[in-house]
Amino acid sequence: MAVSLTRAGTECGTEVVPGDPRYEALRRGFNQRFIATPDYVSVVSSTSEVVAALNKYLAGHRSDESLHRRITVRSGGHCYENFVCGDDVGVILDLGQMDRAYLDQEMGAYCVEAGANNWHVATHLYAPFGVALPSGSCYSVGAGGHVTGGGYGLLSRQHGLTVDYLYAVEVVVVRDGQHAEVVIARRDSPERELRNLWWAHTGGGGGNFGVVTRFWFKGLPKPPSEVLLHAVAWPWEKLKKHPERFKSLVRNYGLFFEHENTQELPKSLRGDYSDMFTLLKLTQRANGKVGLITQLDATRPDSVERLTAFLKWITKDLRIDPTPLDRRMGEHAPMGGLQVPTRLPWLTATQTLNGSGDNQCGKYKSAYMTRGFTEPMLNAIFRHLTRDGYENPQALLQVDSYGGAINLPESDDTAVYQRSSVLKLQYQTYWSWQKDSNKDGVADHHDAEVDASIAAPHLRWIREFYRDVYKDTGGVPILSPAGTTAGATPKTVTDGCYINYPDTDLDDPEWNRSGQPSHLLYYGDNYGRLQETKEYWDPRNVFRNAQSVQPFTH
C-alpha cells in the first residue's frame, strides 16, 4: 500500500490566533450563524503542511484521551451547519491557499486542489483544455466540500455528477489514531481499503475520513461552446389571488421531469432535454415574484424550439404573463436582461450565474424527489410561502431539475445513493442581525448570542414549512424503497436528503418522526460501506461533526 508518513516538525503553515487582525475573518465561513472560537486557524498551502498541522494537533492529546476540541477543515467555507465552525472546534485547517487546477501529466488526469473554488476550476480547466467539471454554479464554493458530497450543476443532467469523473483522491488520514499519513486512493487501486477510501469520497461527505488535499478527474466532458440562458418571473400579487394557477406552475414543472424520466412526455415535447437545466425559484411572497432560470445547449438547432415548448407546457394553466426576473432570489442576482432567451458562450453564462449572495445567517433543508409534487405538497408549499406573520424576500424553496445522466449509474457505484430522482429541492432562508440587542451601538453576531428572537422566526418558518410538506411521511422526505426504477410506481415520491445541504433537524425527533435517521436519508444502503471505510481509516473518530459517518466501535 503506497503510504508516506510525516512526523511533527514539518512547517505547520500560518497559524492565526486570537488577537491577530485576521482571526475574526478566519474563524467563520459563509454562514454567519456559526462563528467558532478555535485556539487557532492553521492556513496551509501544501500537503506537507496539512500533515504537520494534524500531527501538532494530535500531539496535544494522548492516544487514550478524548479529542473534545475538534479539528475541522475548510475549503470554500460554505458549510450550512456548524460542522466547521462549531462551539467545540479547537483548530480549523484552512485549505484556501491550495487552489490549483491543472493537467497532471504523470497521473494522466486533471488535478484540482481542495481549496480551489468553482469559478477558479471552471476557468482553469476550460480556457487551456476545453473541458469542465459538471459542478455547481455558486462561484465561491470550494472543491473540498463540493466534490466529497457528490457535486452537481447545470451540466449534470447531460454529463452526470462531479464525482462520476473522480479517478483518485489524496487524503491525509490518521489511521493509527496518533500520526498523519498521506494516502492516494484510486478508483482502480488494487487494495480494497484504498478503493473504499476513493469510493467514500464520491458522495460520503466532507470532514469524515481525513483531510482531502487533491482530486484527480478523468474523462471530463466538453461543455457546449454556447448556451441559451433565460430568466423570467411571475408576480406574487396575481399568484396569491389565484392559488390554483400557482400550483399548476409547480405541478406541471414537476410533471415535466417525471414524464421525461418515464418517457411519457407528450408528442409536442418528445426529444432529448438532457442538456436543459432549470431552477424554479419559489420565493416567499415578500419577494414580490417567483422566478425560473433555464440553461440549455445553444449549439443544437432545435434549442429555441425546445425551450419554447417547455415554457408553454409548464405555463399552460398559468394565464399570467411573464415579467423580468429583476430582483435577487436566493444566491442569484437579478437577471432582468434575460427575459428574451440569450445566446452566450458557456463560460460567460457560467459567470453570469456565478452568485453566492451576501454573507448572512442562513438555514437550509433539502429533498430528492423521484416524481412530481402531490396535491398535499402543493397546498403546503403555497400556504407557507404566502402565510401571514412572516415577511422575508430572501426565503424560498428552490426546485432544481435533476435526472438524465445523473441516474445512469447504480446506487452503489458511488457513495451518492440517490440515482433515480428527477428533482432536487433546497429550502432556504437568510437573515442578518439588524438589531443592537446588547446595546453596544452596532449589530453583529454578539446580538444573536443574547437575543434568540433574531433567528427564531426564520428557523420556525423553514422548519414548519418543511415538516408540513412532508407531513404524510413523518416530517421529512423519506427514502424510497430500494429498487425503484423508471416506469414503476413507488410508494413515496421522495428519496431522502443531500449531505451537502446538511440539516441537523433530521436528528431531532420534534422534526423527524419518520423513523429514518439522518444517515439513512443521506446515504441509504451505502452507509454500511462508509462505516467500514471510517473504521479502517479513522478509527479514533478524529474527523467528525454532528452528522458524520461513525466507525462501528462508536
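Residues numbered from 1 in each chain as written. Predicted model: local features only at pLDDT ≥ 70, side-chain atom pairs only at ≥ 80, totals over all residues. Heavy atoms only, no water.

Brief notes about the overall build of the chain
For step 1, the next point in the chain: Helix and strand counts for the chain stand at 15 helices and 18 strands.
For step 2, the next point in the chain: Whereas a compact globule of 554 residues would reach a radius of gyration of roughly 24 Å, the chain reaches 23 Å, a difference of no more than 12%.
For step 3, the next point in the chain: Judged by the C-alpha coordinates and their principal axes, the chain covers about 70 × 60 × 45 Å.
For step 4, the next point in the chain: Out of the 554 residues belonging to the chain, those deemed buried represent 61%.
For step 5, the next point in the chain: Residue pairs at least 24 apart in sequence account for 73% of intrachain contacts in the chain once pairs closer than 6 positions are excluded.
For step 6, the next point in the chain: For the chain, the exposed surface amounts to about 20,700 Å²; the carbon and sulfur share of it is 49%. (Helix = DSSP H or I, 4+ residues; strand = E, 2+ residues; numbered from the N terminus. Rg over C-alpha atoms; globule rule 2.2 N^0.38 Å. Buried < 20%, exposed > 50% of the residue type's maximum accessible area, 1.4 Å probe, protein only. Contact = heavy atoms within 4.5 Å. Areas by Shrake-Rupley, 256 points an atom, 1.4 Å probe, with all protein chains shown as cover.)

A word on empty space enclosed by the protein
For step 1, the next point in the chain: Inspection of the entire model under this criterion finds 8 cavities of 30 Å³ or more.
For step 2, the next point in the chain: Of all the secondary-structure elements, those providing two or more residues to the lining of the second largest cavity are α3 (118-129) and α10 (346-352).
For step 3, the next point in the chain: Of the residues forming the lining of the second largest cavity, the biggest block, 4 residues, is contributed by α3.
For step 4, the next point in the chain: Of the residues belonging to the lining of the second largest cavity, the class tally is 10 nonpolar, 7 polar and no charged. (1 Å grid on protein atoms, 1.4 Å probe; cavity = no way out; pocket = protein on both sides within 12 Å on 5 of 7 lines; lining within 4 Å. Points joined across faces, edges and corners; volume = space filled by probe spheres on them. Nonpolar A, V, L, I, M, F, W, Y, C, P; charged D, E, K, R; others polar.)

What to know about the packing of helix α8 (residues 243-262) against helix α11 (residues 375-386)
For step 1, the next point in the chain: Taken N-terminus to C-terminus, the directions of α8 and α11 make an angle of 120°; their axes are 10 Å apart at the nearest point. Our classification of the angle between α8 and α11 gives oblique. Here the hand of the crossing between α8 and α11 comes out right-handed. Of α11, the residues touching α8 (which contributes Pro243, Phe246, Lys247, Val250 and Arg251) are Glu375, Leu378, Asn379, Ile381, Phe382 and Leu385.
For step 2, the next point in the chain: A per-class count over the contact of α8 with α11 returns 7 nonpolar, 1 polar and 3 charged. (Axes fitted to C-alpha atoms, helices over the stretch in contact; angles between N-to-C directions. Parallel < 35°, antiparallel > 145°, perpendicular 65-115°, else oblique. Left-handed = near helix turned anticlockwise from the far one by under 90°.)

A few points about the side chain of Thr492
For step 1, the next point in the chain: As for its position among the elements, Thr492 is in the loop between α13 (456-469) and α14 (518-523).
For step 2, the next point in the chain: Only 3.2 Å separates the side chain of Thr492 from the side chain of Thr494, close enough to count as a polar contact.
For step 3, the next point in the chain: Not counting chain neighbours up to four residues away, the residues in contact with Thr492 comprise Thr370, Thr473, Ile478, Leu479, Ser480 and Pro481. (Polar contact = N/O pair within 3.5 Å; in protein donor to acceptor, adjacent residues only side chain to side chain.)

Topic: the sheet that holds strand β2 (residues 14-16)
For step 1, the next point in the chain: Strand order in this open sheet of 4 strands is β2-β3-β5-β4, and the pairing throughout is mixed. The open sheet is flanked by β2 and β4 (70-74), the only strands paired with a single partner. Between one strand axis and the next, the sheet turns by 25° as a mean value, whatever way the strands run.
For step 2, the next point in the chain: Its contacts with the sheet place helix α2 (residues 47-59) against β2, β3 (40-43), β4 and β5 (89-94), and it is angled at close to 175° to β5. (Pairing = 2+ DSSP bridges.)

Some remarks on unusual backbone geometry
Leaving glycine out, the prevailing phi sign among residues is negative, and the prevailing peptide bond configuration is trans.
For step 1, the next point in the chain: The residue Gln434 is not glycine, and still its phi comes out positive at about 65°.
For step 2, the next point in the chain: Its identity is not glycine, yet Asn541 carries a phi of approximately 60°, on the positive side.
For step 3, the next point in the chain: For Asn541, the location among the structural elements is in the segment after α15 (527-537).
For step 4, the next point in the chain: According to the relative accessible area criterion, Asn541 is buried, its value standing at 6%.

Overview of the packing of aromatic side chains
For step 1, the next point in the chain: Following the criterion strictly, the structure yields 30 aromatic pairs and no others.
For step 2, the next point in the chain: Summarising the aromatic geometry, the rings of Tyr152 and Tyr402 are spaced 5.7 Å apart at their centres and angled 80° between planes, so their arrangement reads as edge-to-face. Of this pair, Tyr152 sits in the loop between α4 (143-148) and α5 (156-159) while Tyr402 is found in the loop between β17 (395-401) and β18 (423-431), placing the two residues 250 residues apart along the sequence.
For step 3, the next point in the chain: Residue Tyr152 is classed as buried on the basis of its relative accessible area, which comes to 8%.
For step 4, the next point in the chain: Look at Tyr402 and you get buried, because its relative accessible area is 1%.
For step 5, the next point in the chain: Through pairs of rings, three or more aromatic residues link up here, namely Tyr80, Tyr152, Phe277, Tyr364, Tyr368, Tyr402, Tyr430, Tyr498 and Tyr501. (Phe/Tyr/Trp six-rings, centres within 6.5 Å; stacked < 30°, edge-to-face > 60°.)

With respect to the pairing of strand β7 (residues 109-113)
For step 1, the next point in the chain: Of all 5 residues making up β7, 5 are buried, and the element is well covered by its neighbours.
For step 2, the next point in the chain: With antiparallel pairing between neighbouring strands as the criterion, strand β6 (residues 101-104) and β7 make up a hairpin whose turn holds 4 residues, including Gly108 at a positive phi of roughly 70°.
For step 3, the next point in the chain: Taken together, the 4 bridges between β7 and strand β10 (residues 211-217) define a ladder with antiparallel strand orientation. By the bridge assignment for β10, Tyr110 is matched with Phe217.

A word on α13
For step 1, the next point in the chain: With 14 residues, α13 extends 20 Å from end C-alpha to end C-alpha; this agrees with the ideal 20 Å at 1.5 Å per step.
For step 2, the next point in the chain: Considered for burial, the residues of α13 that qualify are His458, Leu459, Trp461, Ile462, Glu464, Phe465, Tyr466, Asp468 and Val469.
For step 3, the next point in the chain: Close packing links the buried residues of α13 with β16 (361-369), α11, β17 and β18. (Expected span 1.5 Å × (residues − 1).)

A word on the packing of α8 against helix α9 (residues 303-314)
For step 1, the next point in the chain: Between α8 and α9, the least distance of the axes is 8 Å, while the angle of their chain directions is 130°. Relative to α9, the element α8 is oriented oblique. Contacts between α8 and α9 involve Ser248, Leu249, Asn252, Tyr253, Leu255, Phe256, Phe257 and His259 from the former and Phe310, Trp313 and Ile314 from the latter.
For step 2, the next point in the chain: Broken down by class, the residue content of the contact of α8 with α9 amounts to 8 nonpolar, 3 polar and no charged.

Details of the environment of Pro345
For step 1, the next point in the chain: With respect to the element layout, Pro345 can be found in strand β15 (residues 342-345).
For step 2, the next point in the chain: If near-sequence neighbours (up to four positions away) are discounted, Pro345 is found in contact with Ser225 and Glu226.

Description of α9
For step 1, the next point in the chain: Taking 1.5 Å per residue as the helical rise, α9 with its 12 residues ought to reach 16 Å, and the 17 Å between its terminal C-alpha atoms agrees with that figure.
For step 2, the next point in the chain: Among the residues of α9, those classed as buried are Ser303, Arg306, Leu307, Ala309, Phe310, Leu311, Trp313 and Ile314.
For step 3, the next point in the chain: For α9, the secondary structure elements touched by its buried residues are β11 (226-235), α8, β12 (277-283) and β13 (289-297).

Section: the nonpolar core
For step 1, the next point in the chain: Counting 148 residues, the largest nonpolar core has Phe246, Phe256, Phe310, Phe373 and Leu425 as its most contacted members.
For step 2, the next point in the chain: Tallying contributions element by element places β11 first for this core, with 7 residues.
For step 3, the next point in the chain: Setting aside chain neighbours within four positions, we find Phe310 in contact with Tyr253, Phe256, Phe257, Leu269, Tyr273, Met276, Thr278, Leu292 and Thr294.
For step 4, the next point in the chain: In terms of nonpolar packing, the next biggest core, distinct from the first, is built from 10 residues, Val16, Tyr23, Val43 and Cys85 among them. (Core = buried A, V, L, I, M, F, W, Y, C linked by side-chain atoms within 4.5 Å.)

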